[in-house]
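Report on the structure
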Amino acid sequence: QIDGDGNGKLDKTELPIWVRKMVDAHMKNNVPAAKKEFKSVDTNRDTIVTWDEYRLKMVKDDPQHVAYTEKEQKHKFRTADENGDGVLNQIEYVAFKNPMTTDYVLKRIAQELLEDFDTNKDGSVDLAEFVHHEASRVDDKDNTEIDKLRRMESEDPWTQTETRY
């Protein structure tokens, strides 16, 4: 399904179409669920969800914080709070539960990633910062091929001086 023209290759026009289909499918299934969940989390029926209201649900659903730590959830909650009033209305709650489908949340996440990767704080991420960032190393600690690529990159004078993103 992803290879629209059936040529066995994925091109730059096919990938965005497939990504859009996946986002649309996600939204079709998860946005209504988030709206329904909002009503159950809003225990006092004031049409907003406070952190305390959400925290009660989180502790009930995931008492060991397996999916996310409480700190991570609180950060996601604040990120979804578009107007900064400390609570989530239904639209913000949907963004909280579906962050990758909401423009303002994606912009905030992108800004955080840039700040996190930009270790020398020059406003850009160079190849060394990207390759050596801890988040990019989580699943490949025992991958000798990736370690070899990192060594090659760190020894290559061109990547040390010329590559800026």
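Scroll up for the structure.
A brief look at the structure comes next.

Calculation notes
Residues numbered from 1 in each chain as written. Predicted model: local features only at pLDDT ≥ 70, side-chain atom pairs only at ≥ 80, totals over all residues. Heavy atoms only, no water. Helix = DSSP H or I, 4+ residues; strand = E, 2+ residues; numbered from the N terminus. Buried < 20%, exposed > 50% of the residue type's maximum accessible area, 1.4 Å probe, protein only. Contact = heavy atoms within 4.5 Å. Areas by Shrake-Rupley, 256 points an atom, 1.4 Å probe, with all protein chains shown as cover. Polar contact = N/O pair within 3.5 Å; in protein donor to acceptor, adjacent residues only side chain to side chain. Arc of directions from axis to C-beta.

**Some details on the overall build of the chain**
- Regarding its fold elements, the chain presents 8 helices and 0 strands.
- Mapped from its N terminus to its C terminus, the chain presents α and β elements in the order α-α-α-α-α-α-α-α.
- A buried classification covers 27% of the 165 residues belonging to the chain.
- A separation threshold of at least 6 residues defines the contact pool for the chain, and within that pool the share at least 24 residues apart is 38%.
- If you sum the accessible surface of the chain, you get close to 11700 Å²; carbon and sulfur atoms cover 56% of it.

**Overview of the environment of Asp-85**
- Tracing the backbone through its elements, the reader meets Asp-85 in the loop between helix H3 (70-80) and helix H4 (90-97).
- The exposure class of Asp-85 is partly exposed, given its relative accessible area of 45%.
- Along the sequence, Asp-85 and Thr-50 sit 35 residues apart, while their C-alpha atoms lie 10.0 Å from each other.
- In terms of polar contacts, Asp-85 uses its side chain to reach the backbone amide nitrogen of Val-87, at 3.2 Å.

**What about H3?**
- Those residues of H3 that sit buried are Gln-73, Phe-77, Thr-79 and Ala-80. Each buried residue of H3 sits inside an arc of 165 degrees when the element is viewed along its axis, so together they form one side. Residues of H3 that are exposed and angled more than 90 degrees away from the buried face: Lys-71 and Arg-78.
- Against the buried residues of H3 lie helix H2 (51-61), H4 and helix H5 (103-117).

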